[in-house]
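Here are the chains, one letter per residue:
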Amino acid sequence: MHALLNNRSTVRRIAVLRALHLGDLLLAVPAFRSLRAGFPQAEITLISLPWAESFVRRFHRYLDRFVCFEGFPGISEVAVVPERVAAFLAAQQGYGYDLVIQLHGNGQASNPCALALGGTITAGYFVGEPPQGLTIALPYPAYLHEIHRNLGLMRALGCPDCGDNLEFPLSDEDRAEAQALLAPLASRPRPWIGLHPGARPPARRWPIERFATVANGLRERFQAQLVITGSLDEMALAQELASQIRGEPLVLAGQTSLGGLAAVLASLDLFISNDTGPAHIAVAVKTPSITLFGPADVRRWAPLDRQRHPILHHPLPCSPCAYWECPIDHRCLRAISAEAVLAKAEQLLTGVQSCAS
């Protein structure tokens, strides 16, 4: 281990590079928790996408400071504007990080960026040969779950094991927002069930008509109250689903803040979702959930607790894949039947109801 880490109190400023989306950051929370325990006096900065500024505020127990990632050649999340990138790197180098942690994938594109931040120590995974300057370098463990991969890097830094569970702190404002949004259901019986038909990549979206079949089946079998969630960009998708459901589902797409959405999910008896960020929120707030997996690698992204959070997935020779839109016939998700989802939902709801009785 690097000499600087032998006296951990001398590590005053830490930067974590993870310029990714909601699910990616939620699955890094166990690593952030471990990092804070390993460096309790250090200032920990998260370098990420603009949306993550509110994430840093929410997880202030582990993260102290947010810096907006301004792009770097080879990292696709942000367009590269050379002048903007140069100013970003100069500012980070001038800040004087003692430790930079590359927590952004396998390092092929992100290690050069992490090294350019100018930390005294730089830690990260690599593929092939370790790049010059990567002080703490570990071969990328492609076979591990994302949570455990992130934790592996924390172990290499001498940080303690603080568990692999997810978490999502809720504020009074979050709960008040959810209570107001769910007010139309206040006098209606349980179960309350959430449906999330969206996902950023179309390749991860289960067919709407099958979501509708499941929704109508849940109403018929359980007299369920249905809540449809989604982002602003998914409002049309949510309305399309609502139009195929008998009764009056509560459509909350485009109406929730991130914290409000989490508090809504925490109020539900079951959440059925595509493989997307809110599915990880359901795990974090401990709401029973079913996640429908298509092209993504379930070894990497599926919930660790498959009893409370089962998945439905049909492995195929063409998956996992990284296509934004399926170039063939979407067979991985079409292989999941509405009947299979209803059967899994019945198992979970029976458990919820028997525990409540």
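Check the entry above for the structure.
What you see is a predicted model, and the numbers here were worked out from it, not measured in a lab.

So, how was this worked out
- Residues numbered from 1 in each chain as written.
- Predicted model: local features only at pLDDT ≥ 70, side-chain atom pairs only at ≥ 80, totals over all residues.
- Heavy atoms only, no water.
- Core = buried A, V, L, I, M, F, W, Y, C linked by side-chain atoms within 4.5 Å.
- Buried < 20%, exposed > 50% of the residue type's maximum accessible area, 1.4 Å probe, protein only.
- Helix = DSSP H or I, 4+ residues; strand = E, 2+ residues; numbered from the N terminus.
- Contact = heavy atoms within 4.5 Å.
- Polar contact = N/O pair within 3.5 Å; in protein donor to acceptor, adjacent residues only side chain to side chain.
- Phe/Tyr/Trp six-rings, centres within 6.5 Å; stacked < 30°, edge-to-face > 60°.

### Details of the nonpolar core
Across soluble globular proteins, nonpolar side chains show a tendency to be buried alongside one another.
At step 1: Membership of the largest hydrophobic core comes to 68 residues, with the highest contact counts inside it found for Ile14, Phe32, Phe55 and Ile101.
At step 2: A total of five residues in this core trace back to one element, the largest contributor, which is helix 11 (residues 258–266).
At step 3: In this structure Phe55 touches Leu25, Leu26, Val29, Phe32, Leu46 and Leu63, once residues within four positions along its chain are discounted.

### Things to note about the side chain of Arg33
At step 1: Among the secondary structure elements, Arg33 is positioned in helix 3 (residues 29–38).
At step 2: Of note is the side chain of Arg33, whose polar atom sits 2.9 Å from the backbone oxygen of Asn165.
At step 3: In this structure Arg33 touches Tyr62, Cys162, Gly163, Asp164, Asn165 and Glu167, once residues within four positions along its chain are discounted.

### Points about the packing of aromatic side chains
At step 1: Under the defined criterion, the tally for this structure stands at eight aromatic pairs.
At step 2: A centroid spacing of 4.6 Å and a plane angle of 35° characterise the contact between Phe55 and Phe59, whose relative ring orientation is tilted.
At step 3: Relative accessible area serves as the criterion here: at 1%, Phe55 is assigned to the buried category.
At step 4: Accessibility expressed as a relative area gives 1% for Phe59, which makes it buried.
At step 5: Ring plane angle 90° and centroid distance 5.8 Å describe the contact between Phe69 and Phe88, whose orientation is recorded as edge-to-face. You can see Phe69 sitting in the loop between strand 3 (65–68) and helix 5 (82–95) and its partner Phe88 sitting in helix 5, a full 19 residues away along the chain.
At step 6: Classification of Phe88 by relative accessible area gives buried; the value is 5%.
At step 7: Ring pairs connect the aromatic residues Phe32, Trp51, Phe55, Phe59 and Phe168, which therefore count as one cluster.

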